[in-house]
Amino acid sequence: QVQLVESGGGLVQAGGSLRLSCAASGSFFSINTKAWYRQAPGKQRELVAAITSGGTTTYLDSVKGRFTISGDNAKNTVSLQMNSLKPEDTAVYYCNARVLTITWRTSDFWGQGTQVTVSS
């Protein structure tokens, strides 16, 4: 079983910063893609940022220039640095990893979610 454990969520004032971290554990060959998703009340879950094992990144338009995703392939971790936070960033944030498992199949795994609340 592959497990993703998230940390770093909390309450922050508008304009502040927060850093989310996620660590993968278990048995697997490699992580192909790491990503952060978020889901606000009444909204669909959306991709915030993603990074491939090769270092290619993609961002949600509304967070470009404010958020930065980074990954450490050796440590099997991924982080999301969030700066200039806005109230509309309030959501539950989920870590996601697309993993090449020991059965030689690619599967998606999700963290438990961490609440990020930005006050105005």
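Bear in mind that the values here come from a model prediction, so they are computed numbers and not experimental data. Numbers given to residues run from 1 along each chain, matching the order in which its sequence is written. In keeping with the model being predicted, local features are shown solely for residues with a pLDDT of at least 70 and side-chain atom pairs are shown and tallied solely at 80 or more, while totals for entire chains, interfaces and linings include all residues. Values reported for side chains reflect all heavy atoms of the structure, with hydrogen atoms and water molecules removed beforehand.

1. Description of the overall build of the protein
Next, step 1: Numbering of helices and strands runs from the N terminus, with a helix taken as a DSSP run of H or I at least four residues long and a strand as a DSSP run of E at least two residues long. Scanning the protein from terminus to terminus reveals 0 helices and 11 strands.
Next, step 2: Along its sequence from the N terminus, the protein presents helices and strands in the succession β-β-β-β-β-β-β-β-β-β-β.
Next, step 3: Radius of gyration here uses only the C-alpha atoms, and the compact-globule reference equals 2.2 Å multiplied by the residue count raised to the power 0.38. Rg of the C-alpha trace for the protein: 14 Å, near the compact-globule value of 14 Å for 120 residues, within the 12% margin.
Next, step 4: Expressed as lengths along the three principal axes of its C-alpha atoms, the size of the protein is roughly 45 × 25 × 25 Å.
Next, step 5: Considering only intrachain contacts with a sequence separation of at least 6, the fraction spanning at least 24 residues in the protein is 54%.
Next, step 6: As displayed, the protein offers around 6,400 Å² of accessible surface, 48% of which is attributable to carbon and sulfur atoms.
Next, step 7: Counting rule applied: Lys, Arg positive; Asp, Glu negative; His and chain ends not counted. Charge coordinates come from a single atom per side chain, which is NZ of Lys, CZ of Arg, CG of Asp or CD of Glu. Taking the average place of the 11 positive charges on the side chains of the protein and the average place of its 7 negative ones, the gap between the two points comes to 3 Å. Throughout, a contact is declared for two residues whenever any of their heavy atoms are within 4.5 Å. Areas reported here follow the Shrake-Rupley algorithm with a probe of radius 1.4 Å; residue values treat only the protein chains shown as occluding.

2. Description of the sheet that holds strand β8 (residues 77–82)
Next, step 1: Read from one edge of the open sheet, 4 strands run β1-β3-β8-β7, paired in antiparallel fashion. Edge positions in the sheet fall to β1 (3–7) and β7 (67–72), since each has one partner strand and no second. In this sheet, adjacent strand axes meet at a mean angle of 15° when their direction is disregarded.
Next, step 2: With 6 bridges joining them, strand β3 (residues 18–25) and β8 adopt antiparallel strand pairing. Along β8, the bridge assignment pairs R19 with Q81. Strands are labelled as partners when DSSP assigns at least two bridges between them. All axes are obtained by fitting lines to C-alpha atoms, using only the stretch in contact for helices, and the reported angles, taken between N-to-C directions, cover 0 to 180 degrees.

3. Description of the state of the cysteines
Next, step 1: Pairs of cysteine sulfur atoms within 2.5 Å are what we label disulfides. Applying the stated rule across the entire model yields 1 disulfide.
Next, step 2: The disulfide partner of C22 is C95, and the gap between their sulfur atoms is 2.1 Å. Handedness here is read from the sign of the S-S torsion; for C22 and C95, about -85°, the answer is left-handed. One end of the pair, C22, is in strand β3; the other, C95, is in strand β9 (residues 91–101), and 73 residues separate them in sequence.
Next, step 3: We call a residue buried when its accessible area falls under 20% of the maximum for its residue type, exposed when it is over 50%, and partly exposed in between, using a 1.4 Å probe and counting protein chains only. In this structure C22 comes out as buried when scored by relative accessible area, which is 4%.

4. Examining the packing of aromatic side chains
The description of an aromatic ring pair rests on the distance of the ring centres and on the angle between the ring planes.
Next, step 1: Any pair of Phe, Tyr and Trp rings, taking the six-membered ring for Trp, is counted once the centres come within 6.5 Å. Such a pair is stacked with planes under 30 degrees apart, edge-to-face with planes over 60 apart, and tilted for the rest. This model, assessed by the stated rule, comprises 2 aromatic pairs.
Next, step 2: Look at F29 and W104: their rings are 4.8 Å apart centre to centre, the planes differ by 70°, and that puts the pair in the edge-to-face class. With F29 in strand β4 (residues 28–39) and W104 in the loop between β9 and β10 (106–110), the pair connects residues that are 75 residues apart, well separated along the chain.
Next, step 3: Overall, W104 belongs to the exposed group, its relative accessible area being 61%.
Next, step 4: Against the face of W110 rests R45, its NZ or CZ located 5.0 Å from the ring centre. Definition used: whenever NZ (Lys) or CZ (Arg) falls within 6 Å of the ring centre and also within 35 degrees of the ring normal, the charge is taken to sit over that ring.

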